[in-house]
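# Fold and contact review
The primary structure of each chain is shown beneath.
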Amino acid sequence: MNTIFRKSMLSVAGLAFAGGVFAGPIAAHAATPVVDTKPTAAAVAVQSAAKPQGDQSHITLNDEQTANVKAIIAATKKAGLPERAAVISIATSLQESKLENLGHLGDRNDHDSLGLFQQRPSSGWGTPEQITDPEYSTTAFLKGLKQVDGWQNMPLTQAAQTVQVSAYPDAYAQWEQQATDLVAQHWNS
């Protein structure tokens, strides 16, 4: 393409862009009624965050696991966080430990991971005694969650992974429906 022709085309494109920038918004506002769309946008954001991703897994809980669900919910309430934080916490614990407060598992242990969230003393989560305390481990997880900008509206697996830094970042999503059901069942009990 020759230089003169290219410069001519860029000039025409520039004028068209400038005309659109200056005339476009005026013309658009003249014909468009004023509508406040904030509630709709907020509803869409909350709804998309609450929708489970992918295939869902489910396990039957024993009394210990149910007690751990209640401990996670109690710690979430004590931290002043909403139900969504409890859903993320429970789904994370379902993935990490099946809601069992795991001690050292010998050769089956993943490094020095312990407790409901498989937190590691060597990574600064706390002492082995602290990490195997459901309230402490939940509070530590929630402290990490609160540091994630926008966690309330992001997909569960992204929020959990940002805190946990797992080798299997998408695995948390499979527990969202069960976690949501457990929070709905136990939040007010």
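It should be emphasised that the depicted structure is a prediction, and the values quoted were computed from it without experimental measurement.

This next bit is on the environment of proline 82. As for its placement among the helices and strands, proline 82 is situated in the loop between helix H3 (63-78) and helix H4 (83-97). When its relative accessible area of 39% is taken as the criterion, proline 82 is described as partly exposed. Proline 82 has contacts with Thr76, Trp151 and Trp187, leaving out every residue within four places of it along the chain.

This next bit is on the nonpolar core. If you look at the biggest cluster of nonpolar residues, it comprises 31 residues, and the most contacted ones within it are Ile88, Ile90, Leu99, Phe141, Leu145 and Trp151. Taken together, the elements giving at least two residues each to this core come down to H3, H4, helix H6 (134-146), helix H7 (156-164) and helix H8 (176-186). Take this core: its biggest share by element is seven residues, from H4. Contact partners of leucine 99, with chain neighbours within four places excluded, come to Leu61, Gln65, Asn68, Val69, Ile72, Ile90, Ser93, Leu94, Leu116 and Leu182.

This next bit is on H6. Its 13 residues place the ends of H6 18 Å apart at the C-alpha level, agreeing with the 18 Å of an ideal helix rising 1.5 Å per residue. Buried within H6 we find Pro134, Ser137, Thr138, Ala140, Phe141, Leu142, Gly144 and Leu145. Residues of H6 that are buried in the fold lie against H3, H4, helix H5 (128-131) and H7. The opening residue of H6 is aspartate 133, an N-cap whose side-chain oxygen sits 3.2 Å from the backbone nitrogen of glutamate 135.

Residues other than glycine predominantly adopt negative phi, and peptide bonds predominantly adopt the trans conformation. Residue glutamine 118 is not a glycine yet carries a positive backbone phi of 50 degrees. With respect to the helices and strands, glutamine 118 occurs in the loop between H4 and H5. A relative accessible area of 13% means that glutamine 118 is categorised as buried. Its identity is not glycine, yet valine 165 carries a phi of approximately 55 degrees, on the positive side. With respect to the helices, strands and loops of the structure, valine 165 is situated in the loop between H7 and H8. A relative accessible area of 64% places valine 165 in the exposed class.

Okay, the packing of H3 against H8 next. In contact at an axis separation of 10 Å, H3 and H8 are set at 75 degrees when each is read in the N-to-C sense. Comparing their axes, H8 and H3 come out roughly perpendicular. Of the residues in H8, those touching H3 at Thr66, Val69, Lys70 and Ile73 are Leu182, Val183 and His186. The residue makeup of the contact of H3 with H8, split by class, is four nonpolar, two polar and one charged.

A few words now on the confidence of the model for the chain. On average, residues of the chain score 78 in pLDDT, and 69% of them reach the 70 mark or higher. Here helix H2 (residues 38-50) stands out as the least confident element of the chain, with mean pLDDT 38; H3 is the most confident, with 98. Across residues 1-49, where pLDDT falls below 50, the model places ten contacts with residues more than four positions away in sequence or in other chains.

The final tally for this structure, using the stated rule, is one aromatic pair. Ring geometry for phenylalanine 117 versus phenylalanine 141: centroids 4.9 Å apart, planes at 10 degrees, classification stacked. With phenylalanine 117 in the loop between H4 and H5 and phenylalanine 141 in helix H6, this residue pair connects regions lying 24 residues apart in the sequence. Residue phenylalanine 117 is classed as buried on the basis of its relative accessible area of 0%. Over the face of the ring belonging to tryptophan 187 we find lysine 77, whose NZ or CZ atom lies 5.0 Å from the ring centre.

The first and last C-alpha atoms of H4 sit 21 Å apart over 15 residues, in line with the 21 Å expected at 1.5 Å per residue. Among the 15 residues of H4, twelve are classified as buried, and the element is accordingly described as predominantly covered. Those residues of H4 that fall on the buried side of the exposure criterion are Arg84, Ala85, Ala86, Val87, Ile88, Ser89, Ile90, Ala91, Thr92, Ser93, Leu94 and Ser97. Directly after H4, the chain includes lysine 98, whose backbone phi takes a positive value near 55 degrees.

Scoring rules and cut-offs
Residues numbered from 1 in each chain as written. Predicted model: local features only at pLDDT ≥ 70, side-chain atom pairs only at ≥ 80, totals over all residues. Heavy atoms only, no water. Helix = DSSP H or I, 4+ residues; strand = E, 2+ residues; numbered from the N terminus. Buried < 20%, exposed > 50% of the residue type's maximum accessible area, 1.4 Å probe, protein only. Contact = heavy atoms within 4.5 Å. Core = buried A, V, L, I, M, F, W, Y, C linked by side-chain atoms within 4.5 Å. Expected span 1.5 Å × (residues − 1). Polar contact = N/O pair within 3.5 Å; in protein donor to acceptor, adjacent residues only side chain to side chain. Axes fitted to C-alpha atoms, helices over the stretch in contact; angles between N-to-C directions. Parallel < 35°, antiparallel > 145°, perpendicular 65-115°, else oblique. Nonpolar A, V, L, I, M, F, W, Y, C, P; charged D, E, K, R; others polar. pLDDT = per-residue confidence, 0-100. Phe/Tyr/Trp six-rings, centres within 6.5 Å; stacked < 30°, edge-to-face > 60°. Lys NZ or Arg CZ within 6 Å of the ring centre and 35° of its normal.

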